[in-house]
Amino acid sequence: MHSKRVELALKIKGIPYEHVEEDLLNKSTLLLQYNPVYKKVPVLVHNGKPVAESLVILEYIDETWKSIGPPLLPEDPFNRAQVRFWMNFFQQQLFEDTLFYATITDGEAQEKHIKELFEKLKLLEEGMKGYFPNGIRTPVDSENLRLLDILVCATFGSYKVQEEILAKKIIDPEKYPLIFSWVTALNEVAVVKEVNPPHEKLLPLLLSVRNHNLKSSAA
Ligand SMILES: N[C@@H](CCC(=O)N[C@@H](CS)C(=O)NCC(=O)O)C(=O)O
């Protein structure tokens, strides 16, 4: 899902790229060489130089290809700061502290992470109502996708798979109407369809990550 952020940014900008698949249970020496600190994907290799960490990569793409394609971040410093604030919220609060752990735990621990995720989604819903002039992200099309759209797509574009794994409704239209309509509209955009993995491919992949983590924590 972090790689999806980068792919989407490159597609929005119209930058051709080569995607190299990595087996995360058996990491290549190339990955360890390019990202020796975290040993994680994604890594963007540009002119032979590696850039790691998806949020860093997104800003790198925007700054490097400034005159190509639409800008991912706004020009105005205050508006940029707002986007960066929500970028960090997505990274930390909506994914690392909640959704990720909900996916790899069971029972009470999982319940706790799901509850926290719901609280964070409420904060996002309220925050975005204030962020967008009419309290709704519209219109959404391939010409005007921006950084927060990328994060929404990458985090919740495949929410149906996540709902199946957690056996819970996550993007509930009653509780989070803005987020629901935002994700639904984004999932109709051509470039988003290109990067969204098919349900039947993502489900076994996430289940294998889940089982791997459940086994290691039980050991
Ligand atoms: N903070 C990193 C997180 C990247 C990340 O969690 N990547 C996962 C795949 S989505 C990974 O490489 N996992 C392998 C591991 O943790 O060993 C980013 O934003 O790029």
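Note that the structure is a prediction, hence the values are computed from the model and not measured.

**Description of the domain arrangement of the protein chain**
Domain annotation for the protein chain reports domain 1 (2–64) and domain 2 (77–218). The C-alpha centroid of domain 2 is placed 20 Å from the C-alpha centroid of domain 1. Facing 15 residues of domain 1, the contacting portion of domain 2 comprises 21 residues. Buried surface at the junction of domain 1 and domain 2, both sides included, amounts to about 1700 Å², of which 67% is carbon and sulfur.

**Looking at the site of the ligand**
Every residue lining the ligand is accounted for by His2, Arg5, Leu24, Lys27, Lys40, Val41, Pro42, Glu53, Ser54, Gln91 and Glu96. In this structure, a nitrogen atom belonging to the ligand sits 2.8 Å away from a main-chain N or O atom of Val41. With respect to the ligand, the side chain of Ser54 contributes an N or O atom lying 2.6 Å from an oxygen atom. Coverage of the ligand by the protein amounts to 77% of the 510 Å² it exposes when considered alone. At the level of secondary structure, the elements contributing two or more residues to the shell around the ligand comprise helix 1 (2–13) and helix 4 (77–104). Here the shell around the ligand is composed, by residue class, of 3 nonpolar, 3 polar and 5 charged.

**Remarks on unusual backbone geometry**
Cis peptide bonds are those with omega within 30 degrees of zero, and the linkage from Val41 to Pro42 qualifies with 5°. Mapped onto the fold, Pro42 is located in the loop between helix 2 (29–34) and strand 1 (43–46). Between Thr138 and Pro139 the backbone carries a cis peptide bond, its omega angle lying at -10°. Within the element layout of this structure, Pro139 appears in the loop between helix 5 (107–131) and helix 6 (147–156). The phi dihedral of Lys39 falls on the positive side, at around 55°, and the residue is not glycine. With respect to the helices and strands, Lys39 occurs in the loop between helix 2 and strand 1. In the Ramachandran plot, Ala167 falls in the positive-phi region, its phi being about 50° despite a non-glycine side chain. Using a relative accessible area of 67% as the deciding quantity, one classes Ala167 as exposed.

**What to know about the packing of aromatic side chains**
Going through the model one piece at a time under the given rule, you end up with 7 aromatic pairs. Between the aromatic rings of Phe85 and Trp86, the centroid separation amounts to 5.1 Å while the plane-to-plane angle is 90°, which identifies the pairing as edge-to-face. Among the residues examined, Trp86 registers a relative accessible area of 11% and is labelled buried. With a centroid separation of 5.1 Å and an interplanar angle of 75°, the aromatic rings of Tyr131 and Phe132 are classed as edge-to-face. Looking at Phe132, the relative accessible area reads 11%, which means it is buried. Here the aromatic residues Phe85, Trp86 and Phe89 are joined through ring pairs into a cluster of three or more. Geometry around Phe118 places Lys175 over its ring, the cationic atom sitting 3.8 Å from the centre.

**Overview of the UniProt feature "domain: GST N-terminal" (unreviewed entry) in the protein chain**
In the numbering adopted here, UniProt assigns the feature "domain: GST N-terminal" (unreviewed entry) to residues 1–69. Between the end C-alpha atoms of residues 1–69 the distance is 23 Å, and the span holds 42% helix and 12% strand.

The rules behind the values
- Residues numbered from 1 in each chain as written.
- Predicted model: local features only at pLDDT ≥ 70, side-chain atom pairs only at ≥ 80, totals over all residues.
- Heavy atoms only, no water.
- Domains from an automatic or database assignment.
- Contact = heavy atoms within 4.5 Å.
- Buried area = accessible area lost by both parts, 1.4 Å probe.
- Near = heavy atom within 4 Å.
- Polar contact = N/O pair within 3.5 Å; in protein donor to acceptor, adjacent residues only side chain to side chain.
- Areas by Shrake-Rupley, 256 points an atom, 1.4 Å probe, with all protein chains shown as cover.
- Helix = DSSP H or I, 4+ residues; strand = E, 2+ residues; numbered from the N terminus.
- Nonpolar A, V, L, I, M, F, W, Y, C, P; charged D, E, K, R; others polar.
- Buried < 20%, exposed > 50% of the residue type's maximum accessible area, 1.4 Å probe, protein only.
- Phe/Tyr/Trp six-rings, centres within 6.5 Å; stacked < 30°, edge-to-face > 60°.
- Lys NZ or Arg CZ within 6 Å of the ring centre and 35° of its normal.
- UniProt positions renumbered as here; feature names shortened; annotations may be inferred.

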